[in-house]
Amino acid sequence: DTGVSQNPRHKITKRGQNVTFRCDPISEHNRLYWYRQTLGQGPEFLTYFQNEAQLEKSRLLSDRFSAERPKGSFSTLEIQRTEQGDSAMYLCASSFQGGYGYTFGSGTRLTVV
Amino acid sequence: GQNIDQPTEMTATEGAIVQINCTYQTSGFNGLFWYQQHAGEAPTFLSYNVLDGLEEKGRFSSFLSRSKGYSYLLLKELQMKDSASYLCAVRDSRSGGYQKVTFGTGTKLQVIP
């Protein structure tokens with residue numbers, strides 16, 4: 001296992017288009033997290049899965065955002081009708097239940113033009 | 001909610017020692033993390049404190065005082081490669097068992113020759 005994998009690394013899209021990102025966590029980890037990070041800021045929590053169940057979703061997340069983790073393995077994050085304010089780095093992380101450190105993926109950098 | 005404060009930027013000399021402070025306010029404190037993040041890369045886990053005191057790991061040490069809501073990260077024998085952002089993150093216990101981790105905005109450390 002080579003760690004947490006995110007695809008694509010970069011995405012440029014026109015405003016109003018839909019985008020989908022994928023995260024493959026470390027296979028033994030049952031917890032998966034999505035964070036968003038803008039320049040000069042720390043990562044902001046978006047949502048969290050334990051196995052296939054989405055247990056928490058940030059109030060920051062509008063209805064345009066949806067995340068899934070079918071079968072408790074990989075996860076997808078979809079943003080519908082993208083806006084320029086969605087431009088950010090989207091980070092995925094995974095951990096063991098009861099573990100204390102997250103392992104982050106390299107992120108997907110989204111640019112909405 | 002949580003409030004995490006850390007300096008925005010610091011500069012230190014190669015070979016020296018630098019201390020990065022973090023103060024936080026939270027209900028249900030259940031651990032504090034430090035992450036290192038190089039520009040354009042994902043955060044990597046450095047340390048975890050849940051009890052008061054000092055945790056040492058090679059050139060890096062982290063200290064926690066729960067009563068004061070205070071932590072610091074100490075970097076010794078600074079190297080040029082230590083130039084990065086250092087993120088303080090706090091976990092709190094919440095109902096339902098999920099323990100949310102909130103990140104500070106990070107301290108950008110520049111190591112100069």
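Here we summarise the structure given alongside this text. (Residues numbered from 1 in each chain as written. Chains lettered and ligands numbered in written order. Predicted model: local features only at pLDDT ≥ 70, side-chain atom pairs only at ≥ 80, totals over all residues. Heavy atoms only, no water.)

1. Points about the sheet that holds strand 1 (residues 3-5) of chain B
All names here are of chain B. Put simply, the rule is: Criterion used throughout: strands pair if DSSP finds at least two bridges between them. Under the scheme used here, helices are H or I runs from DSSP no shorter than 4 residues and strands are E runs no shorter than 2 residues, and both carry numbers assigned from the N terminus. Angles here are taken between N-to-C directions and fall from 0 to 180 degrees, while the axes themselves are lines fitted to C-alpha atoms, restricted in helices to the stretch in contact.
Taking strand neighbours across the sheet as the criterion, the five strands line up as 1-3-8-7-6 in an open arrangement whose pairing is antiparallel. Both outer strands of the open sheet, strand 1 and strand 6 (53-57), are each paired with one neighbouring strand and no more. With direction set aside, neighbouring strand axes in the sheet form an average angle of 15°.

2. Side note on the pairing of strand 4 (residues 29-37) of chain B
Residues and elements named next belong to chain B. Short version of the rule: Under the scheme applied here, a residue whose accessible area is under 20% of the maximum for its type counts as buried, over 50% as exposed, and between as partly exposed, the area being computed with a 1.4 Å probe on protein chains only.
Counting buried positions along strand 4 yields eight of nine residues, so the element is predominantly enclosed. Here seven bridges tie strand 4 to strand 9 (residues 84-93), and the two strands are oriented antiparallel to one another. Bridge pairing in strand 9 places F33 opposite A89. In this sheet, strand 5 (residues 44-49) lies alongside strand 4 in antiparallel orientation, the contact comprising five bridges. Residue pairing across strands places F33 opposite Y48, the latter belonging to strand 5.

3. As for the packing of aromatic side chains
For the record, the criterion: Each Phe, Tyr or Trp ring, with Trp reduced to its six-membered ring, pairs with another whose centre is within 6.5 Å; inter-plane angles below 30 degrees give stacked pairs, above 60 give edge-to-face pairs, and intermediate values give tilted ones.
A full pass over the atoms with the stated rule returns 19 aromatic pairs over all chains. With 5.0 Å between their ring centres and 15° between their planes, F63 of chain B and Y72 of chain B make a pair best called stacked. Exposure remark for Y72 of chain B: the relative accessible area of 16% places this residue in the buried category. For the ring pair Y70 of chain B and Y72 of chain B, a centre distance of 6.1 Å and an interplane angle of 55° mean the geometry is tilted. Grouping aromatic residues by their ring pairs yields a cluster made of Y33, Y35, F45, Y48, Y102 and F104 of chain A together with F33, Y35, F45, Y48 and F103 of chain B.

4. Examining the state of the cysteines
Residues and elements named next belong to chain A. Note the following rule: Criterion for a disulfide: a pair of cysteine sulfur atoms within 2.5 Å.
Throughout the structure, instances matching the rule amount to two disulfides over all chains. Here C23 connects covalently by a disulfide to C92, the sulfurs 1.9 Å from one another. Torsion about the S-S bond of the C23 and C92 cystine: about -65°, corresponding to left-handed handedness. Residue C23 is found in strand 3 (residues 19-24), and its partner C92 is found in strand 9 (residues 88-95); the two are separated by 69 residues along the sequence. Considered together, C23 and C92 belong to a single accessibility category, that of buried residues.

5. Describing the interface of chain A and chain B
Short version of the rule: The contact rule is simple, with two residues in contact once any of their heavy atoms fall within 4.5 Å. The term buried area means the drop in 1.4 Å probe accessible area that two parts suffer when joined, counted for both and summed.
Across the boundary between the two partners, chain A contributes 20 residues, which contact 19 residues of chain B. Of the roughly 1600 Å² buried between chain A and chain B, counting both surfaces, carbon and sulfur atoms make up 57%. Contact with chain B buries area across many residues of chain A, yet Y100, Y102 and F104 of chain A alone supply 33% of it, more than any other trio. Elements supplying a minimum of two residues to the side of chain A that touches chain B: strand 4 (31-37), strand 5 (44-50) and strand 9 of chain A.

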